[in-house]
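Structural description and commentary
The primary structure of each chain is shown beneath.
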Amino acid sequence: PYEHPRLVFDAATLAEFRSLARSRDGHRALSQLRQYVDAHRLSIMEDGEYRVTDRAGDDGGFGTDNTVSATLAADALLALVDADADRARRVIRWMMGTAVEQRLAIDRSLPNTDDWRNRYHDILQRRAIALLYDWMYPWMDDAERATIRGIIADATRHKWSIGMYA
């Protein structure tokens with residue numbers, strides 16, 4: 001059977017990580033992570049959903065909020081460790097809503113400049129989108145996977161980045 005080629009956790013590593021999470025130290029660390037997520041979610045959610053990042057500027061710029069990125073990555077990690085489909089779907093709904101704005105930023109940037117500098121880092125929420133895609137993969141349908149893969153591919157096309165390739 002097909003296994004998604006994970007960036008961080010293959011099936012065996014994920015099983016080990018889940019086992020570690022049940023240990024005393026792992027439980028303590030995940031409790032702290034849950035507290036972080038719960039504290040930060042309050043400021044970035046409305047009606048139980050993450051607010052979509054709607055920051056595509058007319059010039060293709062894209063505002064990035066590192067608190068949002070870190071909170072979503074932490075929430076996605078908790079979903080993965082706990083195999084929590086509800087938590088995962090909440091993160092995926094944010095990803096899909098934000099993908100609309102990311103697509104606008106990409107489409108506005110490409111024709112306006114051949115020097116993106118580091119705009120694609122902002123569009124991809126400082127690489128959080130790649131981690132979210134990787135960790136949420138089991139809960140995403142084919143259309144969601146294709147949308148987010150397209151955002152990642154288009155935002156990084158012809159770009160070299162330490163941390164992505166080196």
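The structure this text deals with has already been given above.
Summarised in this report is the structure supplied together with it. (Residues numbered from 1 in each chain as written. Predicted model: local features only at pLDDT ≥ 70, side-chain atom pairs only at ≥ 80, totals over all residues. Heavy atoms only, no water.)

1. Examining the nonpolar core
Quick note on the threshold: Take the buried residues of types Ala, Val, Leu, Ile, Met, Phe, Trp, Tyr and Cys, join any two whose side-chain atoms come within 4.5 Å, and each joined set is a nonpolar core. Think of it in three bands: residues with accessible area under 20% of the maximum for their type are buried, residues over 50% are exposed, and the middle band is partly exposed, with areas taken using a 1.4 Å probe on protein chains only. Going along the chain from the N terminus, every DSSP run of H or I of four or more residues is numbered as a helix, and every run of E of two or more is numbered as a strand. The criterion used for residue contact is that any of the two residues' heavy atoms lie within 4.5 Å.
Counting 35 residues, the largest nonpolar core has Met 95, Leu 132, Met 136 and Ile 148 as its most contacted members. Of all elements in the fold, only helix 1 (11-21), helix 2 (24-44), helix 3 (66-82), helix 4 (85-112), helix 6 (128-136) and helix 7 (142-156) reach the threshold of two or more residues within this core. Ranked by residue count, the leading element in this core is helix 3, at nine residues. In this structure, Ile 148 is in contact with Met 95, Met 96, Ala 99, Ile 129, Tyr 133 and Met 140, ignoring residues within four places of it in sequence.

2. Description of the pattern of salt bridges
Stated precisely, the cut-off is as follows: The salt bridge definition used is simple: a Lys or Arg side-chain nitrogen within 4 Å of an Asp or Glu carboxyl oxygen.
The final tally for this structure, using the stated rule, is eight salt bridges. The salt bridge involving Arg 28 is made with Asp 25; its shortest N-O contact spans 3.2 Å. With Arg 28 and Asp 25 both in helix 2, this residue pair falls three residues apart, about one helical turn. Classification of Asp 25 by relative accessible area gives exposed; the value is 52%. As a salt-bridge pair, Glu 144 and Arg 89 come within 2.6 Å of each other at their nearest N and O atoms. Of this pair, Glu 144 sits in helix 7 while Arg 89 sits in helix 4, and the two are 55 residues apart along the sequence.

3. Description of the packing of helix 6 against helix 7
Heads up, the rule is: Each axis is a line fitted through C-alpha atoms, taken for helices only over the stretch in contact, and angles between the N-to-C directions span 0 to 180 degrees. Any angle from 65 to 115 degrees is called roughly perpendicular, while one under 35 is roughly parallel, one over 145 is roughly antiparallel, and all others are oblique. Rotating anticlockwise by less than a right angle from the far helix to the near helix defines a left-handed crossing, while the corresponding clockwise rotation defines a right-handed one. Here the nonpolar group is Ala, Val, Leu, Ile, Met, Phe, Trp, Tyr, Cys and Pro; Asp, Glu, Lys and Arg are the charged ones; every other residue, Gly included, is treated as polar.
Look at helix 6 against helix 7: their axes get within 10 Å of each other, and the N-to-C directions meet at 155°. The orientation of helix 6 with respect to helix 7, classified from their angle, is roughly antiparallel. Considering how the two elements wind past one another, helix 6 and helix 7 form a crossing that is left-handed. Between helix 6 and helix 7, the residues in contact are Ile 129, Ala 130 and Tyr 133 and Arg 145, Ile 148, Arg 149 and Ile 152, respectively. The class makeup of the residues in the contact of helix 6 with helix 7 is five nonpolar, no polar and two charged.

By themselves, these figures tell us nothing about what the structure is for.
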